[in-house]
Every structure is written in structure tokens, then in C-alpha cells.
Amino acid sequence: MIIILKKDSQKESVNRLVKILENKGISANFIEGASQSIIGLVGDTSVIDMDNLFAQDCVEEVRRVQEPYKKANRKFHPDDTVIKVRDTVMGNGSLQIIAGPCSVESEEQIITTAIACKEAGATMLRGGAFKPRTSPYSFQGLEGEGIKLLLKARQETGLPIVTEIMSIADLDLFADVDVIQVGARNMQNFKLLKALGECDKPVLLKRGLANTLEELLMSAEYIMAGGNMNVALCERGIRTFETMTRNTLDISAVPLLKQKSHLPVCVDPSHATGIVSLIEPMSLAAVVSGADALEIEVHNDPKSALSDGGQQLTPAKFAEVMTKVKDLAKYMGRTLGK
Ligand code: PEP
Ligand code: MN
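Summarised in this report is the structure supplied together with it. Keep in mind the model is a prediction, meaning the values are calculated, not measured.

## Quick look at the nonpolar core
Part 1 of the reasoning: Counting residues in each nonpolar core, the largest one holds 62 residues, and the members touching the most others are Leu205, Leu233 and Phe318.
Part 2 of the reasoning: Setting aside residues no more than four positions away along its own chain, Leu205 makes contact with Val182, Met187, Leu193, Leu216, Ser219, Ala220, Ile223, Val231, Ala232, Leu233 and Cys234.
Part 3 of the reasoning: Listed in part, the 16 residues of the second largest apolar core include Ile3, Leu5, Leu17 and Leu21.

## Looking at the pairing of strand E1 (residues 2–5)
Part 1 of the reasoning: Strand direction decides the pairing type here: E1 and strand E4 (residues 59–63), joined by four bridges, are antiparallel. Its bridge partner being in E4, Ile4 is matched across the sheet by Glu61.
Part 2 of the reasoning: Bridge count for E1 against strand E3 (residues 38–42) is three bridges, and the pairing is antiparallel. Opposite Ile4, over in E3, you have Ile38 as the bridge partner.

## Side note on the packing of helix H5 (residues 190–197) against helix H6 (residues 213–225)
Part 1 of the reasoning: At their nearest, the axes of H5 and H6 sit 6 Å apart, and the two run at 45° to each other. On the basis of their axis angle, the class for H5 and H6 is oblique. On H6, the residues that touch Phe190, Leu193, Lys194, Leu196 and Gly197 of H5 are Ser219, Tyr222 and Ile223.
Part 2 of the reasoning: Along the lines of polarity and charge, the residues of the contact of H5 with H6 split into five nonpolar, two polar and one charged.

## Thoughts on the coordination of the manganese ion (ligand 2)
Part 1 of the reasoning: Protein coordination at the manganese ion (ligand 2): the donors are Cys102 (SG), His271 (NE2), Glu297 (OE) and Asp308 (OD), at 2.0 to 2.4 Å from the metal.
Part 2 of the reasoning: When the donor residues of the manganese ion (ligand 2) are listed from N- to C-terminus, their spacing reads C-x168-H-x25-E-x10-D. A residue pair is termed long-range when its members are at least 10 positions apart, and His271 in helix H8 (residues 269–273) and Glu297 in strand E14 (residues 293–297) qualify at 26 residues.
Part 3 of the reasoning: Assessed through its relative accessible area of 1%, Glu297 is described here as buried.

## Quick look at the site of ligand 1
Part 1 of the reasoning: Around ligand 1 sit Arg126, Lys131, Pro132, Glu164, Gln181, Gly183, Ala184, Arg185, Lys206, Arg236 and His271, and those are all the residues in its vicinity.
Part 2 of the reasoning: In this structure, an oxygen atom belonging to ligand 1 sits 2.7 Å away from a side-chain N or O atom of Arg126.
Part 3 of the reasoning: Here an oxygen atom of ligand 1 and a side-chain polar atom of Arg185 are 2.9 Å apart.
Part 4 of the reasoning: When ligand 1 is considered free in solution it has 290 Å² of accessible area, and contact with the protein chains removes 97% of it.
Part 5 of the reasoning: In the shell around ligand 1, the residues fall into two nonpolar, three polar and six charged.

## Quick notes on the sheet that holds strand E11 (residues 203–206)
Part 1 of the reasoning: One closed barrel accounts for eight strands, arranged E7-E8-E9-E10-E11-E12-E13-E14; its pairing is parallel. Strand-to-strand twist across the sheet, computed as the mean angle between neighbouring axes with direction ignored, equals 30°.
Part 2 of the reasoning: Sheet topology note: the strand E13 (residues 265–267)/E14 ladder contains two bridges and is parallel. Counted as the bridge partner of Val267 is Leu294 from E14.
Part 3 of the reasoning: Sheet strands in contact with helix H7 (residues 253–260) are strand E12 (231–235) and E13, and its direction is about 170° off that of E13.

## So, the sheet that holds E4
Part 1 of the reasoning: Taken together, four strands build an open sheet; the order of strands is E2-E3-E1-E4 and the sheet is antiparallel. Each end of this open sheet is capped by a strand with a single partner; those strands are strand E2 (27–31) and E4. Each strand axis lies, on average, 20° off the axis of its neighbour in the sheet, ignoring direction.

## Re unusual backbone geometry
Part 1 of the reasoning: In this model, Arg86 sits at a positive phi of 50°, which is unusual for a non-glycine residue.
Part 2 of the reasoning: The topology assignment puts Arg86 in the loop between strand E5 (83–85) and strand E6 (88–90).
Part 3 of the reasoning: Positive phi, normally seen in glycine, also occurs at Glu143, with a value near 55°.
Part 4 of the reasoning: Relative to the helices and strands, Glu143 resides in the loop between strand E8 (124–126) and helix H4 (144–157).
Part 5 of the reasoning: Given the relative accessible area of 39%, Glu143 is considered partly exposed.

## Notes on a nonpolar patch on the surface
Part 1 of the reasoning: On the surface, Val288, Tyr331 and Met332 cluster together into a nonpolar patch covering about 360 Å² of accessible area.
Part 2 of the reasoning: Along the chain, Val288 falls in helix H9 (residues 276–288).

About the cut-offs
Residues numbered from 1 in each chain as written. Chains lettered and ligands numbered in written order. Predicted model: local features only at pLDDT ≥ 70, side-chain atom pairs only at ≥ 80, totals over all residues. Heavy atoms only, no water. Core = buried A, V, L, I, M, F, W, Y, C linked by side-chain atoms within 4.5 Å. Buried < 20%, exposed > 50% of the residue type's maximum accessible area, 1.4 Å probe, protein only. Contact = heavy atoms within 4.5 Å. Pairing = 2+ DSSP bridges. Helix = DSSP H or I, 4+ residues; strand = E, 2+ residues; numbered from the N terminus. Axes fitted to C-alpha atoms, helices over the stretch in contact; angles between N-to-C directions. Parallel < 35°, antiparallel > 145°, perpendicular 65-115°, else oblique. Nonpolar A, V, L, I, M, F, W, Y, C, P; charged D, E, K, R; others polar. Donors = N, O, S within 2.8 Å, 3.2 Å for Na, K, Ca; no water. Near = heavy atom within 4 Å. Polar contact = N/O pair within 3.5 Å; in protein donor to acceptor, adjacent residues only side chain to side chain. Areas by Shrake-Rupley, 256 points an atom, 1.4 Å probe, with all protein chains shown as cover. Patch = residues over 30% accessible without salt bridge, like charges linked within 9 Å, V, L, I, M, F, W, Y side chains within 5 Å. Salt bridge = Lys/Arg side-chain N within 4 Å of Asp/Glu carboxyl O.

Structure representation (C-alpha cells):
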């Protein structure tokens, strides 16, 4: 990191700045130029509060030469992170297919859907027990009961389960869950991220509706800073001026995240587009772009779904999509699942 000093900086202000930096264990190298002086910083600059720097009278500009995320950064961890999920793995070059309903609604619904998803080639089962809904009057999920039903579906199919957490207070209910999902709306719930950093469960961290990739990586950094390295990132579309799709799928995020970070990357074409007919082309695009996993919403009867009915695939349509996905994966030399 380089700090560019204001032209007529007072010596006391510069000394104060150097002291602040040294107190954080950073060595400050003052370089006096003919017209402009700078300070080059050496050490772990991730501990620096940028706002605090700009609050100093002598600071004109600050330039980062390295990314603020360290643990999630491929520069310091060149090998891909491979996350173990029960007896399968994510991030080893294989393609994981996480499929299932938006919400867990009943035993019959989740078991029927799970069996159909498995038959079509899904490798993990998703289903929301705690639902983050825009309206407080919409279905909020079966909560603890929903998790119990997911565990039953896992027993029935052998598929590992992925489900969303909304509050630290519910963490105990997730003890037997295989992958804890952090939804878009909680991507910057830092207390929740810290709590997940203290457990060793795989976390599927979804990109916030209006968050940059650097912010997504910094949220992953929160979990990893606590000691939990089992983090997978998920691109699920972002808010743009476009209204024809629910969100805009940022497909370039996939190769870019994989260049910047060693963490596995998942794509959720369901929430990204909100349109059934776009799930197949966007799934194929995600695989081509290098995604490690797809997360697709499938419901045994979308017309009666209690949430996201318009974007969920019928088991028959999912099977059709999977035929194409399997062909493409085969062509690319990628195995489904392990
Ligand atoms: C979900 O996957 O059920 C969900 C609510 O997605 P998102 O957080 O991406 O909106
Ligand atoms: Mn949904």
C-alpha cells in the first residue's frame, strides 16, 4: 500500500500517521520527492482502516497494491480449495449439481422432489427451511421442522443437503446439515459470517444483490479468518437496470473469481434469471465458464409452490436440462459429483 502525502503536510501530522501505522505492526518508509512525498507500507495492510487514513490531515491519496483479502486470495494459495461434503467433494474439477425446491413444504413434497432430482443426476439436495422473503406475510419456511424433513430426504436418497441459515440463533439446528447456505441478503451479516467461521461446516456463500466481487471475497474472508476454510462462492445474479430477468447473471464473475481466488464457485441460474426457459442455457454457460457447481430450483409441482413458483423446474424439465448438462460435462472431461 502506498500513501501519497499532501504537498504542504505538517511534520507533526506525518509523524502521527507513521505512529498509527507502526502501532499496527506496519513499517512505514518515507520517500521524499521533489514535488510530492509518499509513504510505502510494508506488512499486513489488511489491518488498516482506510477511513482512518483519510481522516489524517496529511493524506492526499491511498493506493492499494495488493487485494485486501488474503486467505481467499489465490496469490497466497495457488491450489484450488477442495471441500469435502460427506463422501463427495466440491472444487476438484468435478461438477456438483445442487437441486431441489426453493422451500421445504411437506414430507411428500421434499421426498418426491429429492428422488426425482437424484434420478435426473443431482448430486446434492437443496431446500429452504428458513426463508428470507420480501414480505412478512409470505410463507416464511418450516424452520426446524423443514430441516428434519431434509434429513429424512437425505436418508431416503443419500444426497447431501444444502440449506440456508438466517440467524446465528438457529445454528444448533444446522448440526446435521451438510452445507450451510448464506443467502444473498445475508452476505454482509458479519456476525453470522464470524459465527460460521468458528464451525467447520462447508458454507455456500451467495453474492449479495448489489455487491461487488471484492465484497463477496471479503465476506468469504470473514469466514476464513475465523478458521473455517470450507467456503464456496455462489453467483446468483445482481440487480441492474434490466427488468426482463429477475436479476442479471454475471457470468464473467465465474472465471474472474476463479482467477482471484482458490475457492470453488457455484452458479444459481434460478435466482439469477427467474425464468424457467433460461435455466438450461444459463446452466450450460455456467459450466463452460468453469463453475464447480450449479444450484437449480426444482419442485414436484411448481404451480402449487409456496415460494418462487415461477422459476422452479418440474422434475421432467430438470431431467431435460440435466441431459444437456451431462453431455457438456462429458465433452469437457468433467465428472458429475465426485
Ligand atoms: C435461495 O437460494 O433460496 C435464495 C433465497 O437465494 P438468494 O439468497 O440467492 O436470493
Ligand atoms: Mn427461491
